[in-house]
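Here is what each chain is made of, one letter per residue.
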Amino acid sequence: MAQFASLVKFWPYNLNLTLDHYEFQIEGIGWINFGNSLLMATFAASFGALIVFIGAYVVEKARRDAWLRKFLQLLMLLPMAIPGLVLGLAYLIFINTSGNPASWLYGGMAILVISTVTHLYSVPHLTCLTALKGLDREIESVGLSLNTSVTRMLTQITIPVCLAAILDVWLYIFLCAMTTLSAVIFLYSSDTKLASIAVIHIDETGRVASAAAMAMLLVYVCLAVRLAHYLIGQKVLRKFQPWRTS
Amino acid sequence: MSAQSLKGLNAFLFVHSKPQLMERSDWLVRWVCLAYCVSAMCTIVLPVGALFLRSFNNADGSFVGLQNYLTYFNTSALFDSFFNSLIVSLVTATLVVPMAFAYAYGLLRTCMPFKPFFRGVALIPLLIPGVLKAIALVYLFGNQGLLREWLFGHPLYGPIGIVGASVIWTFPFAVLIMLTALQHVDHRLYHAAAFLKTSVWRTFWHVTWPSCRYGVTTAFLVVTVSVFTDFGIAKVIGGDFRVLATDIYKEVIGQQNFQMGAVISVMLLIPAFVVFLLERQVAGKQMAQFTGRSLPYTPKPWFGAMAYFWGGASPSRFLLPACWSWRSLRPWLSFGPTTLT
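Keep in mind the model is a prediction, meaning the values are calculated, not measured.

J.: So what about the overall build of chain B? Which residues, and what values?
T.: Secondary structure assignment for chain B yields 15 helices and zero strands. For chain B, with 341 residues in total, the buried portion stands at 40%. Counting contacts in chain B only where the partners sit at least 6 residues apart, residues at least 24 apart contribute 78% of the total.

J.: Outline the environment of Ala104(B), listing residues and values.
T.: Residue and element names in this part refer to chain B. Tracing the sequence through the fold places alanine 104 in helix H4 (residues 76–109). A tally of 26 C-beta atoms within 10 Å means that alanine 104 is categorised as buried. Between the alpha carbons of alanine 104 and alanine 181 there is a distance of 9.3 Å; along the sequence they are 77 residues apart. Discounting residues that sit within four places of it in the chain, alanine 104 has contacts with Val175, Met178, Leu179 and Leu182.

J.: How would you sum up the environment of Ala177(A)? Please name residues and give values.
T.: With respect to the secondary-structure elements, Ala177(A) resides in helix H10 (residues 163–179). When the C-alpha atoms of Ala177(A) and Cys128(A) are compared, they prove to be 18 Å apart, with 49 residues separating the residues in sequence.

J.: Tell me about the packing of H4(B) against helix H7 (residues 159–183) of chain B, residues and numbers included.
T.: All names here are of chain B. Between H4 and H7, the least distance of the axes is 7 Å, while the angle of their chain directions is 40°. In this view, H4 runs oblique relative to H7, as classed from their interaxial angle. In terms of crossing hand, the pair formed by H4 and H7 is right-handed. Each residue belonging to the contact of H4 with H7 can be placed in one class, and the counts come to 23 nonpolar, four polar and one charged.

J.: Pulling in residues and values, what's your account of the packing of helix H5 (residues 84–95) of chain A against helix H2 (residues 24–55) of chain B?
T.: One way to put it is that H5(A) packs onto H2(B) with a least axis distance of 8 Å and a crossing angle of 80°. For the element pair H5(A) / H2(B), the angle class is roughly perpendicular. On H2(B), the residues that touch Val86(A), Leu89(A), Ala90(A), Tyr91(A), Ile93(A) and Phe94(A) of H5(A) are Leu46(B), Pro47(B), Val48(B), Ala50(B), Leu51(B) and Arg54(B). Of the residues in the contact of H5(A) with H2(B), the class split is eleven nonpolar, no polar and one charged.

J.: Just give me the short version of helix H6 (residues 109–120) of chain A, but keep the residues and values in it.
T.: Helix length check: H6(A), at twelve residues, gives a terminal C-alpha distance of 17 Å against a target of 16 Å (1.5 Å per residue), a fit within 8%. Counting buried positions along H6(A) gives ten out of twelve residues, so the element sits mostly inside the fold. Within the sequence span of H6(A), burial applies to Ile111(A), Leu112(A), Val113(A), Ile114(A), Ser115(A), Thr116(A), Val117(A), Thr118(A), His119(A) and Leu120(A). Structurally, H6(A) contributes buried residues whose contacts are with helix H3 (31–61), H5, helix H7 (122–133) and H10 of chain A together with H2 of chain B.

J.: I'd like to hear about the confidence of the model for chain B, residue by residue, with values.
T.: Residues and elements named next belong to chain B. Within chain B, residue pLDDT values average 72, and 68% of them lie at 70 or more. Least confident of the elements in chain B is helix H15 (residues 337–340), whose mean pLDDT is 34; most confident is H4, at 85. Low pLDDT (under 50) marks residues 303–341, which in the prediction has 55 contacts with non-local residues, meaning those over four places away or in another chain. Of the two predicted TM-score estimates for the complex, the pTM is 0.76 and the ipTM is 0.75.

Calculation criteria
Residues numbered from 1 in each chain as written. Chains lettered and ligands numbered in written order. Predicted model: local features only at pLDDT ≥ 70, side-chain atom pairs only at ≥ 80, totals over all residues. Helix = DSSP H or I, 4+ residues; strand = E, 2+ residues; numbered from the N terminus. Buried ≥ 20, exposed ≤ 12 C-beta atoms within 10 Å, placed from the backbone. Contact = placed C-beta atoms within 7 Å. Axes fitted to C-alpha atoms, helices over the stretch in contact; angles between N-to-C directions. Parallel < 35°, antiparallel > 145°, perpendicular 65-115°, else oblique. Left-handed = near helix turned anticlockwise from the far one by under 90°. Nonpolar A, V, L, I, M, F, W, Y, C, P; charged D, E, K, R; others polar. Expected span 1.5 Å × (residues − 1). pLDDT = per-residue confidence, 0-100.

In structure tokens:
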């Protein structure tokens, strides 16, 4: 892939150099923030990809309840219109409203995952929708007439065909969750502080070099995950979609 | 043939013609739909509703109507930041969109060499957080920056820095939108134009421009709203220059003033929402243009254009690699520019 080749030209740094970089990091803010970010992004991406795919499947493939699906589609595009900072503050206010049964979520990792997935929902939803639209509706009818169960259709046909899109969605949510700031800045606690928030806090203390280092850590992870996504994608696609040559 | 499969065949044959009994899977789908609606309500509609409500309450939680909004509009320090945000985002969009247009045009419509390389270069920043771009600019043009003289003594911290970092940050998004917009044009129109001996300029305005103006509008709207709502860049490089996003942060984290934070959030939300509606409308129009009969455009070598685009139509091509290479060195230079100079 040409894009990745050019990426390497600009970033000729491999694992040895990142190790130096980690040493530099220790005196700065904790390594734990970085771990939190990784954990949060992994959860958000895995959970998000699953939710988004099922949501898009229901919206696209269901044969009944047209008005319900239209309404759902509208709701799913709504996050695109809401700035992350506004969503974060809305969560903060909503969850601290007295009598909210979900208030136990406050200060935990779950609320960060939920707000991130909600914030990023629309673009992955559209990606999945496009992938599902590529699959003819007749296939479902054939499956139905052959008395195939929905789960079997899903696991044998729909998911393998849409696998590339699902992987893309996973990558998108992961990358955005690693670098997101606005949706989580009001919702973290001292235990769940993320690296992106740490960057801002280090920068506030004036040690810009440490802030840059922490941000570079994020870039390296993003690059590594991008590469892993590419390699896994190649392998998986070759197995499940041999007709597609890329 | 068992009764089960007969039922399936029946469902298949009459699926479009007459109402049928709900299958078990239909019930499942209906319940999943409802569950999604409920969770979307809980995660989007209710929190934003709570935010709206809070903007009409005072600190004790009692209803005060529009009083918070009146305070907001009468405090010039607060209200000014609305215009600051607006100006910064409009300036950024005005700078980025022509640059991205020229870049995408060069990639798709000319025969310039090293196209994959330039495409990659434009899209790398997608992997880099916006905050890091602001930090890179601090190192390049900040008070101890390498290229400080280039700003002729103007301080980086403030509108210049925000616009600069936002330009670098939003450029790849704009390029992506412009690439899709420019891809979807019918080559037959260019054949017709060439056959009628239309001038290059006229062809551009009468063929190229109408086919991609929706894309340009979308790019403009997306860039504007991204910069308008962005927090990280303004926080790192904004200095004393107030914008809406940093105002919310200051009110909520600094002063625990939730109701004012809510008011500013509403001020941020409404323009973003309007732009969202506009963008959906424009995007719908763009899709309708390319039909099945259209031929994709294939560029012809034209040396004037090649020299123009390759020679550096967009200054970003040189500025961006400079920023990246410098930034990637940063963490390893333990003391930064002070040890270098």
